[in-house]
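Notes for the structure review
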Amino acid sequence: KNEVEQSPQNLTAQEGEFITINCSYSVGISALHWLQQHPGGGIVSLFMLSSGKKKHGRLIATINIQEKHSSLHITASHPRDSAVYICAVHFYGGATNKLIFGTGTLLAVQP
Amino acid sequence: EPEVTQTPSHQVTQMGQEVILRCVPISNHLYFYWYRQILGQKVEFLVSFYNNEISEKSEIFDDQFSVERPDGSNFTLKIRSTKLEDSAMYFCASSDYRVEQYFGPGTRLTVT
């Protein structure tokens, strides 16, 4: 079964802390997305990865294809980073490019 | 920057009524998707659409659901006879020939 798991499910941090959110998946993928969902509900794409590492501002995403694992890092966290962070993947062999989503990590950054 | 738009942002309907959720994908995109998120649960795939036909659908997407691209710009999701369990956030997404998908802001459907 094609599954995506995230950890932790909930994370509380103090402003300025370095944050890591993990994602693991069960079988081969063609690409992995990190998405952000704010309390209003809208989804914003942060990164799409198929290998290596990407950086955008204080956000860094890495992926290890052999270990079937990805991490999202936030440096110098800020209360405005508080949101749900979701990992979603495209599995090989699917009929289309549908995304399979993880359960999300609820991040709260306290001032 | 081009974006996916969805209307309405919130729809309240009575059980048994038909609803149509509307999406305007990014104009040069070829692949279109509907996903839903029941409150407190993860986002789930409903259906994908390419070349004016459904290319894949999930088990959730039963005969009560249908999709259409009526005029070359809109992409709609119809639920014929809504149930309480259809209450969810519905997201539209689109992509070009690559896998990166762009999401709309969602429509919150409340069935009473």
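Small disclaimer: the values here were computed from a predicted structure and weren't measured.

Within chain B, the secondary structure is distributed over zero helices and eleven strands. Secondary structure elements of chain B occur, N-terminal to C-terminal, as β-β-β-β-β-β-β-β-β-β-β. With respect to the principal axes defined by its C-alpha atoms, chain B has extents near 40 × 25 × 25 Å. Counting only residues that meet the buried cut, chain B has 47% of its 112 residues in that class. For chain B, the proportion of contacts with a sequence separation of at least 24, taken over those separated by at least 6, is 53%.

Residues and elements named next belong to chain B. If you trace the backbone, Asn74 turns up in the loop between strand S7 (65–68) and strand S8 (75–79). Within the local environment of Asn74, its side chain forms a polar contact with the side chain of Asp71, the two groups lying 2.8 Å apart. Contact partners of Asn74, with chain neighbours within four places excluded, come to Cys23, Val24, Glu68 and Arg69.

All right, on to the pairing of strand S11 (residues 107–111) of chain B then. Residue and element names in this part refer to chain B. On S11, burial follows the alternation: Thr107, Leu109 and Val111 on one face are buried, whereas Arg108 and Thr110 on the facing-out side are not. Note that strand S2 (residues 10–13) and S11 share four bridges and pair parallel. In the sheet register, Thr13 faces S11, and the bridge partner there is Val111. The sheet contact formed by strand S9 (residues 88–95) and S11 spans three bridges and is antiparallel. Across the sheet, residue Tyr90 finds its bridge partner in S11, namely Thr107.

Below, the discussion takes up the interface of chain B and chain A. Every contact between the two is made by 18 residues of chain B and, on the other side, 19 residues of chain A. Carbon and sulfur atoms make up 60% of the surface buried where chain B meets chain A, a total of about 1,600 Å² over both sides. Per-residue buried area on chain B facing chain A is highest for B:Glu56, B:Val99 and B:Phe103; these three make up 33% of the total on that side. Taken together, the connections running from chain B to chain A amount to one salt bridge.

The next point concerns the nonpolar core. Residues and elements named next belong to chain A. Formed by 23 residues in total, the largest nonpolar core has its most connected members in Leu32, Trp34 and Val89. Those elements that provide at least two residues to this core are strand S3 (19–25), strand S4 (29–37), strand S5 (43–49), strand S7 (59–64), strand S8 (69–74), strand S9 (83–91) and strand S11 (105–110). Top contributing element to this core by residue count: S9, with five residues.

What follows deals with a nonpolar patch on the surface. Residues and elements named next belong to chain B. A cluster of nonpolar residues, Leu30, Tyr50 and Tyr97, forms a patch on the protein surface that exposes about 340 Å² of accessible area. Relative to the helices and strands, Leu30 is located in the loop between strand S3 (19–24) and strand S4 (31–37). By relative accessible area, which is 42% here, Leu30 ends up partly exposed.

Moving on, we get to the packing of aromatic side chains. Under the counting rule described, the total for this entry stands at ten aromatic pairs over all chains. Between A:Phe101 and B:Phe103 the ring centres are 6.2 Å apart and the planes differ by 75°, which places this aromatic pair in the edge-to-face class. Remark: B:Phe103 occurs in strand S10 (residues 102–103) and A:Phe101 occurs in strand S10 (residues 100–101); the pair is interchain, linking two chains. Assigned by exposure class, A:Phe101 and B:Phe103 land together as buried. The interplanar angle of 25° and the centroid separation of 6.2 Å between the aromatic rings of B:Tyr33 and B:Tyr35 together place this pair among those described as stacked. With respect to burial, B:Tyr33 and B:Tyr35 carry one shared label: buried. An aromatic cluster of three or more residues is present, and its members are A:Phe101, B:Tyr33, B:Tyr35, B:Phe45 and B:Phe103.

Definitions and limits used
- Residues numbered from 1 in each chain as written.
- Chains lettered and ligands numbered in written order.
- Predicted model: local features only at pLDDT ≥ 70, side-chain atom pairs only at ≥ 80, totals over all residues.
- Heavy atoms only, no water.
- Helix = DSSP H or I, 4+ residues; strand = E, 2+ residues; numbered from the N terminus.
- Buried < 20%, exposed > 50% of the residue type's maximum accessible area, 1.4 Å probe, protein only.
- Contact = heavy atoms within 4.5 Å.
- Polar contact = N/O pair within 3.5 Å; in protein donor to acceptor, adjacent residues only side chain to side chain.
- Pairing = 2+ DSSP bridges.
- Buried area = accessible area lost by both parts, 1.4 Å probe.
- Salt bridge = Lys/Arg side-chain N within 4 Å of Asp/Glu carboxyl O.
- Core = buried A, V, L, I, M, F, W, Y, C linked by side-chain atoms within 4.5 Å.
- Patch = residues over 30% accessible without salt bridge, like charges linked within 9 Å, V, L, I, M, F, W, Y side chains within 5 Å.
- Areas by Shrake-Rupley, 256 points an atom, 1.4 Å probe, with all protein chains shown as cover.
- Phe/Tyr/Trp six-rings, centres within 6.5 Å; stacked < 30°, edge-to-face > 60°.

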